Structures are given as structure tokens and as C-alpha cells.
Amino acid sequence: SWSPDGRYLATAGYLGGVTVYDLQSQRDVMQLRDQGQVTYDVAFFPDSRRFAVVGMDPGIEIYEIGNDQPLLTIPPERFRSGSSIVVSPQGDFMATRGNDGTRVVSWDTQTGEQLCISEGSATKVTRVDVDPSGGRLAVASFEGPLRILDSRTCATLLAIPLDTSSYVYGLS
């Protein structure tokens, strides 16, 4: 994930945790989680200083560059498995693939409280993205449809049928 100001690039590794690179100095400035930890995705906040991480253990965490202690942790018992995370353009909420892989969960970034949980999808959710206003979420799944959700209520606003011969893995 790129930081919005373009200075940092963060990587999430299957067995390598998270590394944040400072592209100006051309070196890594943070390494999080022990080697062997499964980390699926990372997303920066609009301030380019904080970022959210999702993985198997300890779940979801928010960090600030230069501080290896999480600012917020959403423990595994509240969030089992997720492979996708996105932070709203305002930084007030984040959305993840939910506990069973078929739902989307929206979280308050200050408190860690769940804002909403979407209805289950018929197939595994592969990716979540948020629109520039922060009002809607796009949700991709293996066999569709592509769903547009209200980011505060997780209600489905639109379902776009897809060609079921191909899986959707990415959104932008």
C-alpha cells in the first residue's frame, strides 16, 4: 500500500509480517510482527502516518510510523480471517472481509467498534474498496455479483451481475 503522500510503501507478507519503506531515504523504517506471522493486507490512513494491518493473529491493528506498539487492536475473537482491508478517505472507519469470508465488516478506527456487518455473500468475498466520498463500499467475490454497500449500514445499494466464468480478485 502507498501512503497518500507517496513517501511510504508498506508490504504485507504471508510469512513476513509488515515492512514499511521510506522511499525518500530508500530504506525500511518499520518491521512489524515476527517472521512466520500471516499478514494479508495493509492500508494507509489519509494522514500518511498511520496504517491498518489485517492478518490471522492478532487480527486487525492500527500503527503509527515510528511506533511499533499498536494504537488499536481488534483481537482475533472479534475478527477471525480476512484478506482485505481499506481505510476511508476521512480515516474514520475501515472495512474488512468478515469472519466467515462471506461478509464485510465496517469498523470505527478510534474505538474498534463494529459499525455494521453486511449480509452474507453466496461466495467468498475477495476484496473490499471504499469510494472517494467514504459513503459506499465496493465488494468483490468469487462468483459475483459485484456489490455496492452503504458504508455506515452495510445495506446493499446495488448488485451488478458478473460473468460467472471468471473470479473477481481486485477493485479500484
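Refer to the structure above for everything that follows.
Just so it is clear, the structure is predicted and the values come from calculations on it, not from any experiment.

**Q** Could you give an account of the sheet that holds strand S12 (residues 125-130), with specific residues and numbers?
**A** Taken in spatial order, the four strands line up as S12-S13-S14-S15 in an open sheet, and their pairing is antiparallel. Every other strand in the sheet has two partners, leaving S12 and strand S15 (156-160) as the edge strands with one partner each. Strand-to-strand twist in this sheet, taken as the mean axis angle between neighbours without regard to direction, amounts to 20°. Summarising the sheet, strand S14 (residues 146-150) and S15 pair through four bridges and their orientation is antiparallel. Counterpart to Arg-147 in the pairing with S15 is Ala-159.

**Q** Any details on the sheet that holds strand S3 (residues 27-32)? Residues and values, ideally.
**A** The strand order across the open sheet built from three strands is S1-S2-S3, with neighbouring strands paired in antiparallel fashion. Each end of this open sheet is capped by a strand with a single partner; those strands are strand S1 (8-13) and S3. The mean angle between the axes of side-by-side strands here comes to 20°, regardless of whether they run parallel or antiparallel. Pairing geometry for S1 and strand S2 (residues 17-22), over six bridges, is antiparallel. Bridged to Leu-9 within S2 is Tyr-21.

**Q** Would you mind going over the packing of aromatic side chains in detail, with residue names and values included?
**A** The relation between two aromatic rings is expressed through the spacing of the ring centres and the mutual angle of the planes. Under the definition given, this model contains two aromatic pairs. Between Phe-44 and Phe-51, the aromatic rings sit 5.7 Å apart at their centres with planes inclined by 55°, giving tilted as the arrangement. Relative to Tyr-63, the ring of Phe-51 has its centre 5.8 Å away and its plane inclined at 25°; by these criteria the two rings are stacked. Of the two residues, Phe-51 sits in strand S5 (residues 50-55) while Tyr-63 sits in strand S6 (residues 60-64), which places them twelve residues apart along the sequence.

**Q** Go over the environment of Pro-161 with me, naming the residues and quoting the values.
**A** Note that Pro-161 resides in the segment after S15. Residues Pro-161 and Arg-147, 14 residues apart in the sequence, show an inter-C-alpha distance of 8.8 Å.

Rules behind the numbers
Residues numbered from 1 in each chain as written. Predicted model: local features only at pLDDT ≥ 70, side-chain atom pairs only at ≥ 80, totals over all residues. Heavy atoms only, no water. Pairing = 2+ DSSP bridges. Helix = DSSP H or I, 4+ residues; strand = E, 2+ residues; numbered from the N terminus. Axes fitted to C-alpha atoms, helices over the stretch in contact; angles between N-to-C directions. Phe/Tyr/Trp six-rings, centres within 6.5 Å; stacked < 30°, edge-to-face > 60°.

These results come straight from atomic positions and should not be treated as a statement about function.
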